[in-house]
Amino acid sequence: MDPSIAVVGPGAIGTTVAAALHEVGRTPRICGRTARERLELHGEAVRIAVPGPVRIDPARAGGAVDLVFLAVKSTQVEAAAPWLAALCGADTVVCVLQNGVEQESTVSPYTSGARVLPAVVWFPAEAQPDGSVRLRGEPRLTLPDGTASHVVLDALRGTRCSTDVAADFTSVAWRKLLQNAVAGLMVLTGRRSGMFARTDIAELSLAYLRECLAVARAEGAVLGDEVPHEIVDGFRSYPADMGTSILADRVADRPLEWNTRNGVVPRRGRAHGIPTPISDLLVPLLAAASDGPG
Ligand SMILES: NC(=O)c1ccc[n+]([C@@H]2O[C@H](COP(=O)([O-])OP(=O)(O)OC[C@H]3O[C@@H](n4cnc5c(N)ncnc54)[C@H](OP(=O)(O)O)[C@@H]3O)[C@@H](O)[C@H]2O)c1
């Protein structure tokens, strides 16, 4: 029997996963903040409408489900907590589709004991002003190896959202975190990937990434000395106008995921006694850009 599934946070990532499930007949319950009749996903050779309506009242969540995909931004977890309370039973798995490395500790307080499973999200998607979502790549998730992952693998089997399991999930998640952390520099310049062509920005990025790498290794990630160069070379190879979601949030004056993408590095660094002088400069600037005051 197919598992019962809910998607909480039907934005760019949530809509993509909901559409992939609907396409194979496993239409999830959709729980959001903005009322909509349906979700719409479009992209190269794909156009899927997921029937709604989007539920916006947790009191009408409809009871516990087997699997929740939580796809709100990390800044929105607390506000989405009533959905988790309504949808989680003892056997529910909550798969968190968010950037960062702290999903279990930040989401578990709201799941009444239900298991929390982080996932690394590999595809770019953008919510459009009309609420539809533009998919810009092949949907793909990486999950940790473990029993809870099987619920997600079964739910997404045969869908356009491919899944793989990483034996060393910690390393995969920190590798992605390093990439997200350095992308945060775009918020401070208001520039896109083209800025990494500058020698001074490339040098700053490498120094910052080496600092992040030291913390990642202390957290158990197995990542080589070549990783900072690979990440900077990656940004240099992108089209100059390629942005990042944290820059898009800044431009739209929305709260930034600075704490989960950048603040985590000095926080975990302190726990290990690792100095993080570059983070100590960058993180307050990102926090202030996000949260003010002023
Ligand atoms: N987009 C990407 O390409 C991408 C790639 C990799 C990783 N990620 C990560 O994936 C996560 C989700 O990002 P996203 O881009 O999908 O964000 P998003 O487009 O802003 O989607 C968030 C959704 O959550 C909804 N929401 C907000 N508060 C809520 C609440 N209290 N209850 C229920 N729903 C609520 C929002 O509703 P409204 O419509 O009312 O705002 C929106 O539909 C982030 O951690 C992001 O860093 C994103």
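Residues numbered from 1 in each chain as written. Predicted model: local features only at pLDDT ≥ 70, side-chain atom pairs only at ≥ 80, totals over all residues. Heavy atoms only, no water.

A. Fine view of helix α10 (residues 258-272). Spanning 15 residues, α10 covers 21 Å between terminal C-alpha atoms, matching the ideal 21 Å at 1.5 Å per step. The sharpest bend along α10 measures roughly 45 degrees and falls at Val 264, with the proline Pro 266 sitting one to four residues further on. Residues of α10 that are buried include every one of Trp 258, Thr 260, Arg 261, Asn 262, Gly 263, Val 264, Val 265, Pro 266 and Gly 269, and no others. Buried positions along α10 lie against α5 (169-183), α7 (199-218), α9 (245-251) and α11 (277-291). Positive phi shows up at Gly 273, right after α10, with a value of about 70 degrees. (Helix = DSSP H or I, 4+ residues; strand = E, 2+ residues; numbered from the N terminus. Expected span 1.5 Å × (residues − 1). Bend = angle between axes of the 7 residues up to and from the residue. Buried < 20%, exposed > 50% of the residue type's maximum accessible area, 1.4 Å probe, protein only. Contact = heavy atoms within 4.5 Å.)

B. Layout of the sheet that holds strand β5 (residues 67-70). Taken in spatial order, the 7 strands of this open sheet run β2-β1-β5-β6-β7-β10-β11, and their pairing is mixed. Each end of this open sheet is capped by a strand with a single partner; those strands are β2 (29-31) and β11 (162-166). Shown here is a sheet whose adjacent strand axes are inclined to one another by a mean of 25 degrees, direction ignored. With 2 bridges connecting them, strand β7 (residues 115-121) and strand β10 (residues 140-144) associate as antiparallel partners. Bridged to Val 120 within β10 is Thr 142. (Pairing = 2+ DSSP bridges. Axes fitted to C-alpha atoms, helices over the stretch in contact; angles between N-to-C directions.)

C. Spatial organisation of the sheet that holds strand β3 (residues 38-43). What the 4 strands build is an open sheet, ordered β4-β3-β9-β8; its pairing is mixed. Each having just a single partner strand, β4 (46-51) and β8 (125-127) make up the two edges of the open sheet. Neighbour-to-neighbour, the strand axes of the sheet open up by a mean angle of 20 degrees, direction not taken into account. Of the strand pairs in this sheet, β8 and strand β9 (residues 133-135) are connected by 3 bridges, and their pairing is antiparallel. Within the sheet, the bridge partner assigned to Ala 125 lies in β9 and is Leu 135. This element, helix α1 (residues 12-23), spans β3, β4, β8 and β9 of the sheet and lies at about 85 degrees to β4.

D. The pairing of strand β6 (residues 93-97), seen in detail. Across the 5 residues of β6, 5 count as buried, placing the element largely inside the fold. In this structure, β5 lies alongside β6, joined through 4 bridges in parallel fashion. Considered in β6, the bridge of Leu 67 is made with Val 93. Each parallel crossover has a hand, and the one from β5 via helix α2 (residues 81-87) to β6 is right-handed. Where β6 lies against β7, 5 bridges are found, and the strand directions are parallel. (Right-handed = clockwise from strand over helix to strand, strands pointing away.)

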